[in-house]
Amino acid sequence: MSHTYQIVIVGGGNAGISVAAKLLLKNKKLDIAVIDPADKHYYQPAWTLVGGGVFDIKKTERTEAEVMPKGVTWIKQKVVSFRPEQNNIVLDSNETVNYQYLVVAPGIQLNWKEIKGLEDTLGKNNVCSNYSFKYAPYTFECIKNFKGGNALFTNPNTPVKCGGAPHKIMYLAADYFRKHGVLDKANIQYWSGGTRLFAVEDYEKTLLNVVRRGNIKLNFFYRLDEIDGPNKRAKFVGFGEKNKDQEQWVDFDMIHVTPPQSAPDFIKSSPLANAVGWVDVNKDTLQHNRYNNIFSLGDASSLPTSKTGAAIRKQAPVLVHNLLALMDNKPLRAKYSGYTSCPLVTGYGKLVLAEFDYNNKRMETFPIDQSKERWSMYQLKTKVLPWLYWNKILKGTA
Ligand SMILES: Cc1cc2nc3c(=O)[nH]c(=O)nc-3n(C[C@H](O)[C@H](O)[C@H](O)COP(=O)(O)OP(=O)(O)OC[C@H]3O[C@@H](n4cnc5c(N)ncnc54)[C@H](O)[C@@H]3O)c2cc1C
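Here the structure is a predicted model, which is why all the values come from computation and not from measurement.

### A word on the state of the cysteines
The final tally for this structure, using the stated rule, is 0 disulfides. For Cys-128, which is in no disulfide, the shortest distance to another cysteine sulfur is to Cys-142 and amounts to 4.0 Å. In this structure Cys-128 comes out as buried when scored by relative accessible area, which is 0%.

Written as structure tokens, this is what we have:
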């Protein structure tokens, strides 16, 4: 009979590694397997800074082996399906892995193909995206080489990881243009599938001032449908009452694209998914709504909060507490508040540190008004948080 792990974790990203490390700190005898086919692990939050030309892309990448906690078994394969009734998982090699308890954390899926023409032109023709390790450095090339004209920034009508990332890079670009004397010649446009700039009013107010400062034109209820790279034009399709069935081609001199995103296909098609594809968990305890021995956190989970690494920092201790309680036949007492955070870079040396809960209520860390742009919070984002990620969060100590 094959081995049965006490705990199997699917995905060795921000969430999976944090949970594995925290579990081992609580009990180093736990028999844990992490399943992830990746060679590399990325600190994605810095890709905004890479696109803004102020962070070295190489510092956002480490090998997966380096971040794997000592004491876990790393199964370097891809999970293709789940059999929760049998407590096992199927790998793409067709082998199965048995578990007593399961943590599901494979992140979000980037659906580049949903935008016609995008894959053929990304990384050239002034078409860039911070949502990729490969292409984030090209964003800064586009910003640097921009001499005026239309600079477009898109946000899809799907959930995304880091809701601020599609517009943070636009504020950096506007500031760069201003510093280099091209803002007057720039027509900056935000094309968003969302209904507003930011869900929490106090932070949105500050952002609207940043928008005014950059002369940025906001378009809501539009999604990017197609890019014609060689001719430098993008097609947007409107929806909602006002824009329904509207289609327009817009010329661009640069375009930053945030791809449509969804739950990973292998989660969507699994018995673990809710109606829209995410791993269906209780929003307080992070336990699966149908399978008691399964938990989930991070971008792939159904937790109704903004998908960020900062949110995972508060989810991981709740999950670990409740999972260990369950293993001990105790009640699940830890509760997640929905806390999430978005360090909204609004320019070089300026940042609004948004922190809020499930009810969009501000939940700030520092005894200052964080809805204001601050140099100190920019230092936190560019210097402290990357260090914290590699040295504390992935080690389970923050
Ligand atoms: C441009 C950008 C800016 C961002 N800015 C911020 C920010 O400022 N602040 C912030 O807090 N967050 C930010 N984020 C979001 C943050 O990076 C994510 O929320 C976080 O990485 C999610 O962690 P995760 O573990 O759920 O997924 P990930 O870290 O993406 O990890 C998922 C892991 O699962 C593995 N996996 C996938 N499929 C399978 C499979 N079939 N089998 C096994 N393993 C699998 C992958 O290989 C990967 O290692 C940003 C993200 C981007 C792209």
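### Looking at the site of the ligand
Neighbouring residues of the ligand: 33 residues in total, closest Ala-15, Asp-36, Asp-299, Gly-309 and Ala-310. Note that an oxygen atom of the ligand is positioned 2.6 Å from one of the side-chain N or O atoms of Asp-36. Measuring from an oxygen atom of the ligand, one finds a backbone N or O atom of Gly-309 at 2.9 Å. Protein chains shield 90% of the accessible area of the ligand, which is 1000 Å² for the free molecule. For the shell around the ligand, the elements supplying multiple residues, two or more each, are helix H1 (14-26), helix H6 (165-179) and helix H10 (309-327).

### Quick look at the confidence of the model for the protein chain
With 100% of its residues at a pLDDT of 70 or more, the protein chain shows a mean pLDDT of 97. Mean pLDDT values over the elements of the protein chain span from 86, in helix H8 (residues 240-243), up to 99, in strand S19 (residues 294-296).

### Comments concerning the packing of aromatic side chains
In total, this model carries 16 aromatic pairs according to the counting rule given. Here Trp-47 and Phe-133 contribute two aromatic rings whose centre-to-centre distance is 6.4 Å and whose plane-to-plane angle is 55°, an arrangement assigned as tilted. Here the residue Trp-47 occupies a position in helix H2 (residues 47-51), and Phe-133 occupies one in the loop between strand S10 (127-128) and helix H5 (136-145), the gap between them amounting to 86 residues. With relative accessibility at 8%, the residue Trp-47 sits in the buried group.

### Quick word on the packing of H5 against H6
As a packed pair, H5 and H6 sit with axes 10 Å apart at the nearest point and diverge in direction by 35°. Crossing of H5 against H6: the hand is right-handed. Contacts between H5 and H6 involve Thr-139, Phe-140, Ile-143 and Lys-144 from the former and Ile-169, Ala-173, Tyr-176 and Phe-177 from the latter. A per-class count over the contact of H5 with H6 returns 6 nonpolar, 1 polar and 1 charged.

### Quick look at the packing of H1 against H10
Contact geometry of H1 with H10 gives a least axis separation of 9 Å together with a crossing angle of 40°. By the angle class used here, H1 and H10 are oblique. At the point where H1 passes H10, the crossing takes the right-handed sense. Contact residues: H1 offers Asn-14, Ala-15, Ser-18, Val-19, Lys-22, Leu-23 and Lys-26, while H10 offers Gly-309, Ile-312, Ala-316, Pro-317, Leu-319, Val-320, Leu-323 and Leu-324. Looking at the contact of H1 with H10 residue by residue, the class counts come to 10 nonpolar, 3 polar and 2 charged.

### Considering the pairing of strand S7 (residues 88-91)
Going residue by residue along S7, you find Asn-88 and Val-90 tucked away on one face and Ile-89 and Leu-91 tucked away on the opposite face as well. The antiparallel hairpin formed by strand S6 (residues 79-83) and S7 contains 4 residues in its connecting segment, where Asn-87 sits at a positive phi of about 55°. Relative to strand S8 (residues 96-104), S7 runs antiparallel, the two sharing 3 bridges. Its bridge partner being in S8, Asn-88 is matched across the sheet by Asn-98. The loop that links S7 with its antiparallel partner S8 comprises 4 residues; one of these, Asn-94, has a positive phi angle of about 80°.

### Observations concerning the nonpolar core
Ranked by internal contacts, the top residues of the largest apolar core, which has 130 residues, are Val-8, Phe-82, Ile-89, Phe-177, Ile-188 and Leu-297. With 9 residues, the single largest contributor to this core is H6. Residues lining this core come from more than one domain, with at least three contributed by each of domain 1 (2-108 + 263-338) and domain 2 (110-261). Not counting residues up to four positions away in its chain, the partners in contact with Ile-188 are Ala-151, Phe-153, Met-170, Ala-174, Phe-177, Leu-183, Gly-214, Asn-215, Ile-216 and Lys-217.

So, how was this worked out
- Residues numbered from 1 in each chain as written.
- Predicted model: local features only at pLDDT ≥ 70, side-chain atom pairs only at ≥ 80, totals over all residues.
- Heavy atoms only, no water.
- Disulfide = S-S within 2.5 Å.
- Buried < 20%, exposed > 50% of the residue type's maximum accessible area, 1.4 Å probe, protein only.
- Near = heavy atom within 4 Å.
- Polar contact = N/O pair within 3.5 Å; in protein donor to acceptor, adjacent residues only side chain to side chain.
- Areas by Shrake-Rupley, 256 points an atom, 1.4 Å probe, with all protein chains shown as cover.
- Helix = DSSP H or I, 4+ residues; strand = E, 2+ residues; numbered from the N terminus.
- pLDDT = per-residue confidence, 0-100.
- Phe/Tyr/Trp six-rings, centres within 6.5 Å; stacked < 30°, edge-to-face > 60°.
- Axes fitted to C-alpha atoms, helices over the stretch in contact; angles between N-to-C directions.
- Left-handed = near helix turned anticlockwise from the far one by under 90°.
- Contact = heavy atoms within 4.5 Å.
- Nonpolar A, V, L, I, M, F, W, Y, C, P; charged D, E, K, R; others polar.
- Parallel < 35°, antiparallel > 145°, perpendicular 65-115°, else oblique.
- Pairing = 2+ DSSP bridges.
- Core = buried A, V, L, I, M, F, W, Y, C linked by side-chain atoms within 4.5 Å.
- Domains from an automatic or database assignment.

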